[in-house]
Amino acid sequence: MTPPSGRVNLLVCDTPQAVAERAASLIERQVRAKPDSSLLVATGNTPMPTYAELARRKPKMSEVCAIQLDEYLGVSEHDPRSLYGWMERSFTRPLGVGRVLRFDAMSARPDAACAEHAAGIRTLGGIDLAILGLGPNGHLGFNEPPSDASAPTRPVVLSAASLLSNAPYWAPLAVPRQALTVGMDLILAARACLLIVTGEHKREVLGRMLEGPRTPQLPASYLQDAPLTVVADRAAC
Ligand code: GLP
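So, how was this worked out
Residues numbered from 1 in each chain as written. Predicted model: local features only at pLDDT ≥ 70, side-chain atom pairs only at ≥ 80, totals over all residues. Heavy atoms only, no water. Salt bridge = Lys/Arg side-chain N within 4 Å of Asp/Glu carboxyl O. Helix = DSSP H or I, 4+ residues; strand = E, 2+ residues; numbered from the N terminus. Buried < 20%, exposed > 50% of the residue type's maximum accessible area, 1.4 Å probe, protein only. Core = buried A, V, L, I, M, F, W, Y, C linked by side-chain atoms within 4.5 Å. Contact = heavy atoms within 4.5 Å. Pairing = 2+ DSSP bridges.

Colleague: Account for the pattern of salt bridges, naming residues and giving values.
Modeller: The tally for this structure, following the rule as stated, stands at 15 salt bridges. Here Arg57 makes a salt bridge to Glu53, at a shortest N to O gap of 2.9 Å. Here the residue Arg57 and the residue Glu53 both occupy positions in helix H2 (residues 48–57), the gap between them amounting to four residues, near one helical turn. Asp185 is paired through a salt bridge with Arg122; the nearest N and O atoms lie 3.5 Å apart. With Asp185 in helix H6 (residues 184–188) and Arg122 in helix H4 (residues 110–123), this pair connects stretches of sequence that are 63 residues apart. Residue classification places Asp185 among the partly exposed residues on the basis of a relative accessible area of 24%.

Structure, rendered in structure tokens:
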């Protein structure tokens, strides 16, 4: 697999554990270089071994600000299925992260809640490092196809593919149908992006994302023009 852009750095590791170690090293390097880094933090299964590896290493994160990437609309931060709760259990708490910027997913005005989250990110000076996973349909966060590079932070209706891929997080309940996501505009403006991809089930979408045309039908394809490092296992390549 040949990445198309000179800006994309593709690191292929033998195993998911090697991916976790490599990705953890990149995050560690970021927070050593800038202790008050703003990190956009994906949840989902893929980055969990990376966060566990980071928790073993315990870099100093007390000045870091963790920014929530996405959330189900109307799901409270106290709900264990909320993406906020997942970020708290896997990232902010075990790593001793000092500051958190989150969506108000219970707001009666989801548009205003998104505008507020985007304004908070801009007030921080943007995103130093965006830690991302790859949706099976090519989404980033919940930027569902079609989303172009200028898609803002906003409420979205989840696609059938995302309802399916998120079903294991919610079973036996149904996945909420709407969500809030940090926009493509802010993700692509990050000073660095780290995309973690593991497993054979992501191979086809990773190939199209790196080698295909940039298209709203595959939002992650716009990362080809971003300062991107992909850390992937052999199965995904
Ligand atoms: C989910 C989330 C994303 C996540 C992606 C991949 O739907 N909205 O933030 O990065 O899909 O999830 P996983 O790593 O479990 O495959």
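So, next bit.
Colleague: Would you mind going over the nonpolar core in detail, with residue names and values included?
Modeller: Counting 77 residues, the largest nonpolar core has Phe91, Leu132, Leu195, Met209 and Val230 as the members making the most contacts within it. Ranked by residue count, the leading element in this core is helix H3 (residues 83–95), at six residues. Those residues in contact with Phe91 that sit more than four places away from it in its chain are Leu39, Val41, Tyr51, Leu54, Met61, Ala66, Trp86, Val97 and Ile131.

Colleague: Any details on the pairing of strand S2 (residues 38–41)? Residues and values, ideally.
Modeller: On S2, burial covers both faces: Ser38 and Leu40 on one face and Leu39 and Val41 on the other are all buried. Pairing of S2 with strand S3 (residues 65–68), which is carried by four bridges, proceeds in the parallel orientation. By the bridge assignment, Ser38 is partnered in S3 with Cys65. Both S2 and strand S6 (residues 129–133) contribute to a ladder of three bridges, which runs parallel. Each residue of the ladder has a partner; that of Val41, found in S6, is Ile131.

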